Each structure stands twice: as C-alpha cells, then as structure tokens.
Amino acid sequence: MNLGGSFDGSSSSSCSSRLNSKSEHGGDSRPHILAVDDNLLDRKLIEKLLLNSSCKVTTAENGLRALELLGLRDDQPNCSATGSKVNMIITDYCMPGMTGYELLKKIKGSSILKEVPVVIMSSENVPTRINKCLEEGAQMFILKPLKQSDVKKLRCLIY
Amino acid sequence: MEVALMQRRLEDYTKSLFMEGLLDAQFLQLQQLQDDSNPEFVREVVSLFFEDSQKLLNDLTSALDQQIVDFRKVDSYVHQLKGSSSSIGAQRVKNTCIVFRTFCEEQNAEGCVRCLQQVKQEYYLVKTRLETLYRLEQQVVAAGGSIPAVEFNSF
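In every chain, residue numbers begin from 1 and rise along the written sequence. Following the order in which they are written, the chains are lettered starting with A and the ligands numbered starting with 1. Residue-level local features of this predicted model are given only where pLDDT is at least 70; pairs of side-chain atoms are given and counted only at 80 or more, and the full residue set underlies all totals for whole chains, interfaces and linings. The basis for every side-chain value is the complete set of non-hydrogen atoms in the structure, without hydrogens or water.

**Observations concerning the overall build of chain A**
We apply this condition: Strands here mean DSSP runs of E at least two residues long; helices mean DSSP runs of H or I at least four residues long; both are numbered from the N terminus. A simple rule labels every residue: compare its accessible area, found with a 1.4 Å probe on the protein chains alone, to the largest value its type can have, and call it buried under 20%, exposed over 50%, or partly exposed in between. For this analysis, residues touch if any pair of their heavy atoms sits within 4.5 Å. A 1.4 Å probe and the Shrake-Rupley method give the accessible areas. Residues count as covered only by the protein chains that appear here.
Across its full length, chain A holds six helices and five strands. Residues classed as buried in chain A amount to 50% of the 159 residues present. Considering only intrachain contacts with a sequence separation of at least 6, the fraction spanning at least 24 residues in chain A is 64%. On chain A, roughly 7,300 Å² of surface is accessible, and the fraction owed to carbon and sulfur atoms is 49%.

Pasting the structure below:
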C-alpha cells in the first residue's frame, strides 16, 4: 500500500491517486526511495541500509541528477517518470552545487512532488540548519553516520 | 592451526581495534549489514574508504603546499574525509579531522600541516590494521570456519 500521496492526510492530487493505484496493482510493492549524496561511500552505505529494509533504492550523486530522475529538471511535470513512483527522498545537506536544502525547496515547490516526504541527512548537528529544513517541509532530519535504527524510523514515515 | 584458535585470534584482534579507539560502533553497523546476498560488503566499503582517503590526502598535501593556502578548499577536503571516516567507523581519523577543521577555520597553516601529518598517520595505521583483520578473516573462512560476530557490549 502506498501512502506517499496522502502522507499528511490532505486529499491527493489526481496524479498522486494514479501513483497509489500504480503501486497497488504493480508487481513490486516495495517503497521506492531516492537517496542523494555526493559521497560514494555514503551512497553505498545508505543503499545497503535501505535494501536491507526491503526498499527499492535509486541513488543520485547530486541535486541536479536527482531533479533529472524526478522529472523536475526542466520544470516539466511528467507523471510517468521514475520520480513519480518515488515514495521518499533522502538527501545529504552538504553537497557541492545544489545543497540538500535547495533540493528540498525545489521538491516542495513542485505541484507533483510536494507531498513526497523528504528527509535531510547531515554530519553536523546545527540547530539553525535543522530548523530551516523542517520549516521548509522536511519530514525528518537525521545525523550521519546512518544506522539501521535510523532507517527503521524512515520506514515509519512511509507506512 | 585449528579453526577455533584462528577464530579466537580474529576475535581478539577485532576487539583490540575497538579498545584502541581505531574503530567505533559504526564499523559494527557495517558488519551487521553484510549478509549472504552481499558477503563482501564490508570489504567493498572499506576499499572505497581507502581509495577515497588516499585521494583526499593527496589533494590535502598539494593544497597545503601552495604559496597561498586556500583554507576553504582544505576545509572541504577535510570535511569529506571526516564524513567517510565517520561512515565506516574509523574513529581516530574522524577525530583528527575534527581538530583539523578548527585549524582551517582559524586559517592556521602550521596547525593544518601538523594535522595533516597526524591524519596521515592515523589513516595508515587503521588501513594496516583493517588489512590484517581482513587477512585473518580469510584464514578462518579458508579453514572452513565462520567469522564470529562481535558484540559491542563485550568490551
């Protein structure tokens, strides 16, 4: 069951309803998570953590690539792109070029994807940074390095 | 050598890495992630760490060698090294990076150079020990034994 579109209880857009029905009738009902991090080692770690938690994972090495995968690159809504089937996006905060915060803003600014929960990761515990992200709509802020207990919390955001 | 003895030797060696603070609980997270579907996971991640770190140390050496040091660049390299070492549990490398960053913030070139030396030492130390750990594991596996799981609260 996919709750990605109705995460905060508000009524889903018609595109989100299509998302819901797609994953209910699709062959693979595992949640699909997009993980964004510029560090290869961290990408490998988070991928394994998510796979071990029965999730499908796509990784991206920067914000631009993430937007591309989400179908937001040229600001053209495309419900059938990979992005429309994403149940959660988890992104590192500190990345060269587009930061995780900037990526978060782009996602929350998109009519199609704004309902998708976004989680921010950071190796630094900076309260102003955390508040900024939560105010912009991030569902959760996690301190790196990621552990299995963190991923358990993430899964609760989807189901 | 008997398998049980080899396993004991491996266990003791692993524990020593934690006791000396070279590794922290994050390394155990990596070991716990390894399973039959990906039996070389720890080795792959550790190899990535070695590659990543070597490159960063080279970049740091060259950045600190410049007439005019770009401290923001140096800090960015240290930040990456801190991240990677933290992700695999290389505690002493990570802690040295934390100190290193304060020197970057202070734009203290001498302090940075000293830290670079120290972080190199810590890195080569943990690299050598991890390579030995892997060899001991391979010996156990080759002798038909399984690798004992280490519980963090046992030390």
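**Description of the UniProt feature "modified residue: Phosphohistidine" (unreviewed entry) in chain B**
Rules: UniProt positions are given in the numbering used here, feature names are shortened, and annotations may be inferred rather than shown by experiment.
Per the UniProt annotation, the sites labelled "modified residue: Phosphohistidine" (unreviewed entry) are B:His79. Here B:His79 shows up in helix 4 (residues 71-88). In this structure B:His79 touches A:Cys94, A:Ser123, A:Glu124 and B:Arg101, once residues within four positions along its chain are discounted.

**Some points on the pattern of salt bridges**
Formally: Here a salt bridge means any side-chain nitrogen of Lys or Arg lying within 4 Å of a carboxyl oxygen belonging to Asp or Glu.
Under the counting rule described, the total for this entry stands at 16 salt bridges over all chains. Linking A:Arg43 and A:Glu61 is a salt bridge whose minimum nitrogen-to-oxygen distance equals 3.8 Å. Pair noted here: A:Arg43 is in helix 2 (residues 40-52) and A:Glu61 is in the loop between strand 2 (56-60) and helix 3 (63-70), with a separation of 18 residues, a long-range link. Look at A:Glu61 and you get partly exposed, because its relative accessible area is 46%. With a shortest N-O distance of 3.0 Å, B:Arg92 and B:Glu122 are connected by a salt bridge. Here the residue B:Arg92 occupies a position in helix 5 (residues 91-105), and B:Glu122 occupies one in helix 6 (residues 109-142), the gap between them amounting to 30 residues.

**What about the sheet that holds strand 5 (residues 140-143) of chain A?**
Sheet strands line up and pair through hydrogen bonds in the backbone, either parallel or antiparallel. Residue and element names in this part refer to chain A. The following threshold applies: DSSP-based pairing: two strands are paired if at least 2 bridges between them are found. To obtain each axis, a line is fitted to C-alpha atoms, and for helices this fit is confined to the stretch in contact; angles are then taken between N-to-C directions over 0 to 180 degrees.
Read from one edge of the open sheet, five strands run 2-1-3-4-5, paired in parallel fashion. Each edge of the open sheet carries a strand with a single partner, namely strand 2 and strand 5. Sheet twist, expressed as the average angle between the axes of neighbouring strands with direction ignored, equals 20°. Here four bridges tie strand 3 (residues 88-92) to strand 4 (residues 118-122), and the two strands are oriented parallel to one another. What sits directly across from Ile90, in strand 4, is Val119. With respect to the sheet, helix 2 is in contact with strand 1 (32-36), strand 2, strand 3 and strand 4, its orientation differing from that of strand 2 by roughly 165°. Each of strand 4 and strand 5 touches helix 5 (residues 127-135); the most contacted strand, strand 5, lies at about 150° to it.

**Topic: the environment of B:Ser85**
Residues and elements named next belong to chain B. Quick reminder of the rule: The term polar contact refers here to a pair of N or O atoms within 3.5 Å; inside protein, the definition further demands a hydrogen-donor-capable atom paired with an acceptor-capable atom, and it admits residues adjacent in sequence only when both atoms are side-chain atoms.
Relative to the helices and strands, Ser85 is located in helix 4. Accessibility expressed as a relative area gives 0% for Ser85, which makes it buried. The contacts of Ser85, once residues within four sequence positions are left out, are Phe49, Ala90, Val93 and Lys94. Side-chain polar atoms of Ser85 contact the backbone oxygen of Lys82, separated by 3.1 Å.

**A closer look at the packing of helix 3 of chain A against helix 4 (residues 100-108) of chain A**
Residues and elements named next belong to chain A. What counts is decided by this rule: Here is the rule for angles: anything less than 35 degrees is roughly parallel, anything more than 145 is roughly antiparallel, 65 through 115 is roughly perpendicular, and the remaining ranges are oblique. It is the rotation of the near helix from the far one that decides the hand of a crossing: anticlockwise by less than a right angle makes it left-handed, clockwise makes it right-handed. Side-chain classes are defined by residue name, with Ala, Val, Leu, Ile, Met, Phe, Trp, Tyr, Cys and Pro counting as nonpolar, Asp, Glu, Lys and Arg as charged, and the others, Gly among them, as polar.
Interaxial distance between helix 3 and helix 4 falls to 10 Å at its minimum, and their mutual angle equals 20°. If you check the angle between helix 3 and helix 4, you find them roughly parallel. For the pair helix 3 and helix 4, the sense of crossing is right-handed. In contact with Gly63, Ala66, Leu67 and Leu70 of helix 3, helix 4 contributes Leu103, Lys106 and Ile107. Looking at the contact of helix 3 with helix 4 residue by residue, the classes come out as five nonpolar, one polar and one charged.

**What to know about the side chain of A:Asn87**
Examined against the element boundaries, A:Asn87 turns out to sit in the loop between helix 3 and strand 3. Polar contacts involving the side chain of A:Asn87 include one to the main-chain amide nitrogen of A:His32, which spans 2.7 Å.

**What about the layout of surface pockets?**
Residues and elements named next belong to chain B. Going by this rule: A pocket here means an open set of points on a 1 Å grid, computed over the protein atoms alone, that has protein on both sides within 12 Å along at least five of seven lines. A cavity is instead a set of points where a 1.4 Å probe fits but cannot get out; residues with an atom within 4 Å of a point line either one. Grid points are joined across faces, edges and corners, and a volume is the space filled by probe spheres set on the points.
By volume, the largest pocket amounts to about 650 Å³. Lining the largest pocket are 27 residues, with Gln31, Gln34, Val42, Glu137 and Ile147 sitting closest to its centre. The element contributing the most residues to the lining of the largest pocket is helix 6, with seven residues. Across the lining of the largest pocket, the residue classes break down as 15 nonpolar, six polar and six charged.

**Remarks on the pairing of strand 5 of chain A**
All names here are of chain A. Here is the rule: Consider the strands pointing away from the viewer: the crossover is right-handed when the path from the first strand over the helix to the second runs clockwise.
By the bridge criterion, four bridges tie strand 4 to strand 5 in an arrangement that is parallel. Bridge assignment links Met121 to a residue of strand 5, and that residue is Ile142. Read from strand 4 through helix 5 to strand 5, the crossover connection turns out right-handed.

**Thoughts on the UniProt feature "modified residue: 4-aspartylphosphate" (unreviewed entry) in chain A**
UniProt's entry tags A:Asp92 with the feature "modified residue: 4-aspartylphosphate" (unreviewed entry), counted in the numbering of this structure. Mapping A:Asp92 onto the fold places it in strand 3.

**Some thoughts on the packing of aromatic side chains**
For clarity, the cut-off: The criterion for an aromatic pair is that two Phe, Tyr or Trp rings (for Trp, the six-membered ring) have centres within 6.5 Å, with stacked assigned to planes under 30 degrees apart, edge-to-face to planes over 60 apart and tilted to the rest. Any Lys NZ or Arg CZ found within 6 Å of a ring centre and within 35 degrees of that ring's normal is scored as a charge over the ring.
Scanning the model with the defined rule gives five aromatic pairs over all chains in all. Measuring from centroid to centroid gives 6.1 Å for B:Phe49 and B:Phe50, while their planes differ by 45°, and the two rings are tilted. Across the pair, exposure class does not vary: B:Phe49 and B:Phe50 are buried alike. Cluster of aromatic residues (ring-pair linked, three or more members): B:Phe49, B:Phe50, B:Tyr123 and B:Tyr124. Just above the ring of B:Phe41 sits the side chain of A:Lys48; from NZ or CZ to the centre is 5.8 Å. The ring of B:Phe50 carries B:Lys127 above its face, with NZ or CZ at 5.1 Å from the centroid.

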